[in-house]
Amino acid sequence: MKAPWGPLVQWAEIRWASLKARGSERRSHNAAVNLAIERVVEQADPRLRGLMGYRKALFPVVEEGLAYSEELAARLPGPVRLDRAAWSADPLVNALFGDVEALRRVISGPAVRAWAKAHPMETGDCYGILLAWPQVRNQFGVELEGETLKRDVHQTTLGFANAELVLPGTDLDEVRREVVQGIMDALVAEAIRALPDRETQIAEIEDRLRMVRLKRKALNPVGLDLLRDGSGAQLEEEEALGRRITELEQELELASAGLKTPGDYLVRLVDALRYPRGRADIRRERVMLDRMNIIREGAEAEGATEIEFAYGYRGERRGRVLLLVQFPRDEMIQEAELMAAVDRFLAN
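These notes cover the structure that comes with them. Here the structure is a predicted model, which is why all the values come from computation and not from measurement.

**A look at the overall build of the protein**
Thinking step 1. The number of helices and strands found in the protein is ten helices and seven strands.
Thinking step 2. The buried share among the 348 residues of the protein stands at 38%.
Thinking step 3. Within the protein, counting contacts between residues at least 6 apart in sequence, those at least 24 apart form 71% of the total.
Thinking step 4. Total accessible area on the protein stands at roughly 21,800 Å², and carbon and sulfur atoms take up 55% of it.

What follows is the structure, given as structure tokens:
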């Protein structure tokens, strides 16, 4: 006969294991947020560490920024493979690089070479983030329609320039974490960039206030009614300048709020870090592209291949294309090849 308390004990064990797992996840989450807070403080002003409760003040906004950074990182397409075979078979890779050697130069760029030098024993495939500027061009070309060759056909082509590969590594999960960290750093930089703008605004208001005060003083330099011209116009102008001075003083008080002490600066920083969604975004885009890198739409899309990439945005300003990529380490240009290329260049 089973003990009557058996199911209760089993339920308690399951419940305890669940609570223990949640506690471990929460500790891990808090540790990640606190680490991000220290990066924020290092970027903004390390002296903030001298304030009691700076972590508590920053925790909610940094937690929100970190969650949004993870959301953006998850939107990156890929990993897209970069190698000779992909250049021949994948329209996106073909559009990204003019030829195989251009591909190899990009995956042998400064960030990858520095990483490879620091990790000489790492082998196999590597991962990273490819950044490139899209180039959409309108042109007139030739096109075969049935058996007829048509000339001066309007075409829109898609290409990419100034490609670079960053955040390389052999561990895909680690690269993804580096991407999240990089996005978070960019969000923080955007928030911090707004703070000096406030200081510039304060300086401009102070200049205007000084000029208006000087102008009012010039109307009555000694401050005696005997020097007024008696027309009433001077009095009206002086009263108008007085009202303008009051307005500017109020503007200055508002603009200066939160920038007088380190504690005030922390308040301003917390406020600037709120609502990160308006500062940056990553948006996926799909186009139909043929082997000549011509964008096709509608009925013309037959024979074209759909490619997908993502644009980075600062506010509503569109920036570079971002792709998570995978590439074989042995496709990198080796030192001997580089030296041989330099020798050929110098010989010509």
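Next comes the rest of the account.
**Observations concerning the pattern of salt bridges**
Thinking step 1. Within this structure, the stated rule accounts for 28 salt bridges.
Thinking step 2. The partner of Glu-174 in a salt bridge is Arg-177, with the nearest N and O atoms 2.8 Å apart. One end of the pair is Glu-174 and the other is Arg-177, both in helix H7 (residues 172–219) and three residues apart, which spans about a single turn.
Thinking step 3. Judged by relative accessible area, Glu-174 falls into the partly exposed class, the value being 33%.
Thinking step 4. Linked through salt bridges whose partners overlap, the residues forming this network are Glu-71, Arg-75, Arg-277, Asp-281, Arg-283 and Glu-316.

**Describing the nonpolar core**
Thinking step 1. The biggest cluster of nonpolar side chains holds 41 residues, and the ones touching the most others in it are Ile-37, Leu-58, Val-62, Leu-269 and Leu-273.
Thinking step 2. Elements with a contribution of two residues or more to this core: helix H1 (6–44), helix H2 (54–74), strand S2 (125–145), H7, helix H9 (262–273), strand S4 (280–289) and strand S7 (317–328).
Thinking step 3. Ranked by the residues each element gives to this core, the list is headed by H7, at ten residues.
Thinking step 4. Leu-273 has contacts with Val-40, Leu-58, Val-61, Val-188, Ala-191 and Arg-279, leaving out every residue within four places of it along the chain.
Thinking step 5. One finds Val-80, Leu-103, Val-106 and Tyr-313 within the second-largest nonpolar core, a separate group that totals 35 residues.

**Describing the pairing of strand S6 (residues 305–314)**
Thinking step 1. Alignment of S4 against S6, held across ten bridges, turns out to be antiparallel. When the bridges of S6 are listed, Leu-289 appears paired with Thr-305.
Thinking step 2. Alignment of S6 against S7, held across four bridges, turns out to be antiparallel. Each bridged residue has a counterpart across the sheet, and for Tyr-311 the counterpart in S7 is Val-321.

Reading the values: the criteria
Residues numbered from 1 in each chain as written. Predicted model: local features only at pLDDT ≥ 70, side-chain atom pairs only at ≥ 80, totals over all residues. Heavy atoms only, no water. Helix = DSSP H or I, 4+ residues; strand = E, 2+ residues; numbered from the N terminus. Buried < 20%, exposed > 50% of the residue type's maximum accessible area, 1.4 Å probe, protein only. Contact = heavy atoms within 4.5 Å. Areas by Shrake-Rupley, 256 points an atom, 1.4 Å probe, with all protein chains shown as cover. Salt bridge = Lys/Arg side-chain N within 4 Å of Asp/Glu carboxyl O. Core = buried A, V, L, I, M, F, W, Y, C linked by side-chain atoms within 4.5 Å. Pairing = 2+ DSSP bridges.

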